[in-house]
Amino acid sequence: MKLVLIAGLATSLGASSIALAQSCVSTNSPPPPKQTAAAATPDQAEPDMQSVLDTLASLGPKPIEALTPVKARLQPSAADATRAVMRKKGLSTAPDLTVMTEDIAYGPDPMQFARVYKPAAEPASSPLPVVVYYHGGGWVIADVNTYDATPRLLAKQLNAIVVSVEYRRAPEAKFPAQHDDAAMAYQWTLKNAESWGGNPAKVALAGESAGGNLAVATAVFARDHGLAAPIHVLAIYPIANSDMDLPSRMDSANAKPLNKAMLGWFGYYYSKTKADQLDPRINLVKANLRDLPPTTIVNAQIDPLRSDGETLATAMKAAGDKVEQKTFPGVTHEFFGMGAVVRGAYDANAYAVSRLRAAFGEK
Amino acid sequence: MKTEIIVLIAAYTFFAVPAQAQVMPPAEYVATAGASDLYERTSSELVLQTTADPKVREFATMMLKAHAASTAEVKAAAAKSKVEAAPPELTPVQAEMIAQLRAEAGTTRDVAYIAQQKGAHGQALSVQAAYAKDGTSAPLRAAAAKIVPVVEHHIAMLKAM
């Protein structure tokens, strides 16, 4: 009898550890247990990139992977550091007034709204192309405010309407809430683009990091649900491969501002079960990738997600898609929003803009 | 046998602990809310010195009042729960944001202010909602619950700006 009782306790102990593999829905739920850190030292960044990383360090960030979500959301971001560098250089950090914004709801939740960026110039004679953009933050931290640089730049340089989608965050709303919201916002954009002066036949998808994943996953959703296909997909350092032993997971395990431990931390909070992290909407390399729109993938060399972009490009090519992928040297995750102060970012911005411009049939 | 059972129960309790909330301790909540209010008041005072936009003026005036009220609310609750509330201090990022506003003038200060307000209110809501949900001090939890709808109202206003 006693033995049975002990066995029962042991089982319940086992079950409780399994239950702990994913967080509860509170933003106060504690971080996952610390993993043993890989010893790899990341490659040295270019001096202009390093100066942003040094400035970020001077703003006193705490390691995200050791925090609760609510505290993680208060940490200085790469965008904060970029603006600090701009101010030190005497550049204005105020939003560029040649682009106007309007926040419009696409769903009933307060987080289901989009920030619509429009060139402030007189309305064009013909409807403008449209880009639906999804921000990053591992689906747990950051918002449309954190990721203002890229949508504003795309609106200005492409003379396009950019719809920057806010979405419900984890752990309050877990996977696939973000994918559902991304798809809902895309359909809403197709319906409403014309009323904003946009051309519904020229809609592209774009996104950074977790948002880069949403851009590709939404293209898959559009194909599977008979929606108008996006004209192009721009995925900037997307989350696309659930294999934690990819080369970049090793060589950039301790990179800044994103490290490997943070990827585990994001997974712990966004997923309901371990299986969620292997869902083809997350693990895009294992999704059905046939008949997807022409795609551009941008990566940073010093980034644990670099191999995600590289392996996604390989998988999409194998599925017969038109894909171009570029890895920019000497830069890190989040570099794409640093075009004002980092040369590699400026080059990547120009590359992405030229790809989208060509997709929209412009010079 | 008895000993083994006790050990197992102890192990069970130990592993079960991380599943519970790890809410900010009361003093940390008070400091975080205080810093956020201080940033709100400082930035709003700055924009009021230069703005020519009546909508920005109206919003900033409202922020001065609302964030003085929430500071008073939290201070009173802190006193009730015997939490020592040190004078609030801006975080390094908040201090940098104030420096950025100082570096702008006229319309560009207005737009920088509004952009900062949108981000800062999202963070403030996150902090207040989290403490209102799981906070360990009842008076502070009640204060946070009272502040949540105020911040939500500010966010709704900012969406129209």
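Up top you'll find the structure we're talking about.
Model, not experiment: these values are computed from the prediction. (Residues numbered from 1 in each chain as written. Chains lettered and ligands numbered in written order. Predicted model: local features only at pLDDT ≥ 70, side-chain atom pairs only at ≥ 80, totals over all residues.)

S.K.: Explain the overall build of chain B to me, please; I cannot follow it from the model alone.
M.R.: The helix and strand inventory of chain B stands at six helices and zero strands. Going from N to C terminus, chain B has its helices and strands arranged as α-α-α-α-α-α. Long-range pairs, those at least 24 residues apart, make up 74% of the contacts in chain B with a sequence separation of at least 6. (Helix = DSSP H or I, 4+ residues; strand = E, 2+ residues; numbered from the N terminus. Contact = placed C-beta atoms within 7 Å.)

S.K.: Explanation requested: the pairing of strand E7 (residues 295-302) of chain A in the structure shown.
M.R.: Side-chain direction in a regular strand flips from residue to residue, so the side chains alternate between the two faces of the sheet. Residue and element names in this part refer to chain A. The element E7 is largely enclosed, with a buried count of eight among its eight residues. The pairing of E7 with strand E8 (residues 323-332) spans seven bridges and is parallel. When the bridges of E8 are listed, Ala300 appears paired with Phe328. Assessed by its sense of winding, the connection that carries the chain from E7 through helix H10 (residues 306-318) to E8 is right-handed. (Buried ≥ 20, exposed ≤ 12 C-beta atoms within 10 Å, placed from the backbone. Pairing = 2+ DSSP bridges. Right-handed = clockwise from strand over helix to strand, strands pointing away.)

S.K.: Even after reading the chapter, I still don't get the packing of helix H4 (residues 78-88) of chain A against helix H4 (residues 92-103) of chain B, so can you show me in this structure?
M.R.: To describe two helices that pack against each other, one gives the angle between their axes and the distance between the axes. Close contact between H4 of chain A and H4 of chain B brings their axes to 10 Å; oriented N to C, the two are set at 40°. Of the possible angle classes, the one that applies to H4 of chain A and H4 of chain B is oblique. The hand of the H4 of chain A/H4 of chain B crossing is left-handed. Between H4 of chain A, through Asp80, Arg83, Ala84 and Arg87 of chain A, and H4 of chain B, the contact on the second element is made entirely by Val93, Glu96, Ala99, Gln100 and Ala103 of chain B. Its residues placed into classes, the contact of H4 of chain A with H4 of chain B shows four nonpolar, one polar and four charged. (Axes fitted to C-alpha atoms, helices over the stretch in contact; angles between N-to-C directions. Parallel < 35°, antiparallel > 145°, perpendicular 65-115°, else oblique. Left-handed = near helix turned anticlockwise from the far one by under 90°. Nonpolar A, V, L, I, M, F, W, Y, C, P; charged D, E, K, R; others polar.)

S.K.: Would you mind showing me how to read the environment of Asp96 of chain A here?
M.R.: Residue and element names in this part refer to chain A. For Asp96, the position within the fold is in the loop between H4 and strand E1 (99-105). Overall, Asp96 belongs to the partly exposed group, with 16 C-beta atoms counted inside 10 Å. Separated by 238 residues in sequence, Asp96 and Glu334 place their C-alpha atoms 20 Å apart. In this structure, Asp96 is in contact with Arg152 and Lys156, ignoring residues within four places of it in sequence.

S.K.: Looking at this structure, I do not really get unusual backbone geometry. What am I missing?
M.R.: Across the chain, the bulk of peptide bonds are trans and the bulk of non-glycine residues have phi less than zero. Residues and elements named next belong to chain A. With an omega dihedral of 5°, the bond running from Ala170 to Pro171 counts as a cis peptide bond. For Pro171, the location among the structural elements is in the loop between strand E4 (161-165) and helix H6 (177-192). Here Lys256 and Pro257 are connected by a cis peptide whose omega angle stands at -5°. Within the secondary structure, Pro257 is located in the loop between helix H8 (247-251) and helix H9 (260-270). The phi angle at Glu334 is positive, at roughly 75°, despite the residue not being glycine. Counting through the fold element by element, Glu334 comes out in the loop between E8 and helix H11 (343-359). Given 30 C-beta atoms within a 10 Å radius, Glu334 is considered buried.

S.K.: I would appreciate a short explanation of the environment of Ala143 of chain B in the present structure.
M.R.: Residue and element names in this part refer to chain B. Mapped onto the elements of the fold, Ala143 is located in helix H6 (residues 138-159). Judged by the 27 C-beta atoms lying within 10 Å of it, Ala143 falls in the buried class. Once you skip the residues sitting within four places of it in the chain, Ala143 turns out to touch Glu73, Val74 and Ala77.

S.K.: Can you walk me through the sheet that holds strand E2 (residues 113-119) of chain A in this structure?
M.R.: The strands that make up a sheet are held in pairs by hydrogen bonds between backbone atoms, and each pair lies either parallel or antiparallel. Residue and element names in this part refer to chain A. The sheet built from eight strands is open, its strands ordered E1-E2-E4-E3-E5-E6-E7-E8 with mixed pairing. Two strands close off the open sheet at either side, each with one partner strand: E1 and E8. This sheet shows a mean twist of 20° between the axes of neighbouring strands, independent of strand direction. Against the sheet, H6 engages E2, strand E3 (128-134), E4 and strand E5 (198-208), with an angle of about 170° to E3.

S.K.: Teacher, can you tell me more about helix H7 (residues 210-224) of chain A here?
M.R.: Since the α-helix packs 3.6 residues into each turn, any two residues three or four apart lie on the same face. Residue and element names in this part refer to chain A. Relative to the 21 Å expected for 15 residues at 1.5 Å per residue, H7 spans 21 Å between its end C-alpha atoms, a close match to the ideal helical length. Here H7 lies mainly inside the structure; twelve of its 15 residues are buried. Looking at H7, one finds that the buried residues are Ala210, Gly211, Gly212, Asn213, Leu214, Ala215, Val216, Ala217, Thr218, Ala219, Val220 and Ala222. Those residues of H7 that are buried are in contact with E3, H6, E5 and strand E6 (233-236). Following H7 by one or two positions, Gly226 adopts a phi angle in the positive range, close to 65°. (Expected span 1.5 Å × (residues − 1).)

S.K.: What is the right way to read the pairing of E6 of chain A from this model?
M.R.: Residues and elements named next belong to chain A. Neither face of E6 is open: one carries Val233 and Ala235, the other Leu234 and Ile236, and all of them are buried. Relative to E6, E5 runs parallel, the two being bridged by four bridges. In the sheet register, Gly207 faces E6, and the bridge partner there is Ala235. With H7 bridging E5 and its parallel neighbour E6, the resulting β-α-β unit is right-handed. Pairing of E6 with E7 involves four bridges; the strand directions are parallel.

S.K.: Just to check I follow, could you spell out helix H3 (residues 54-80) of chain B for this structure?
M.R.: Residues and elements named next belong to chain B. Taking 1.5 Å of rise per residue, 27 residues should cover 39 Å, and H3 covers 39 Å from first to last C-alpha, within 8% of that figure. Within H3 the residues assigned to the buried category are Val56, Phe59, Ala60, Met63, His67, Ser70, Thr71, Glu73, Val74, Ala77 and Ala78. Where H3 is buried, its residues meet helix H2 (26-50), helix H5 (106-134) and H6. At the exit of H3 stands Lys82, carrying a positive phi of roughly 55°.

S.K.: I tried to follow the packing of helix H2 (residues 47-58) of chain A against H4 of chain A on my own but got confused; where do I start?
M.R.: Residues and elements named next belong to chain A. It is the contact of H2 with H4, at a shortest axis distance of 8 Å, that shows an interaxial angle of 110°. Taken together, H2 and H4 sit at an angle that is classed as roughly perpendicular. Counting all contacts with H2, which are made through Ser51, Val52, Thr55 and Leu56, the residues of H4 involved are Ala78, Ala81, Thr82, Ala84 and Val85. Of the residues assigned to the contact of H2 with H4, the class counts are six nonpolar, three polar and no charged.

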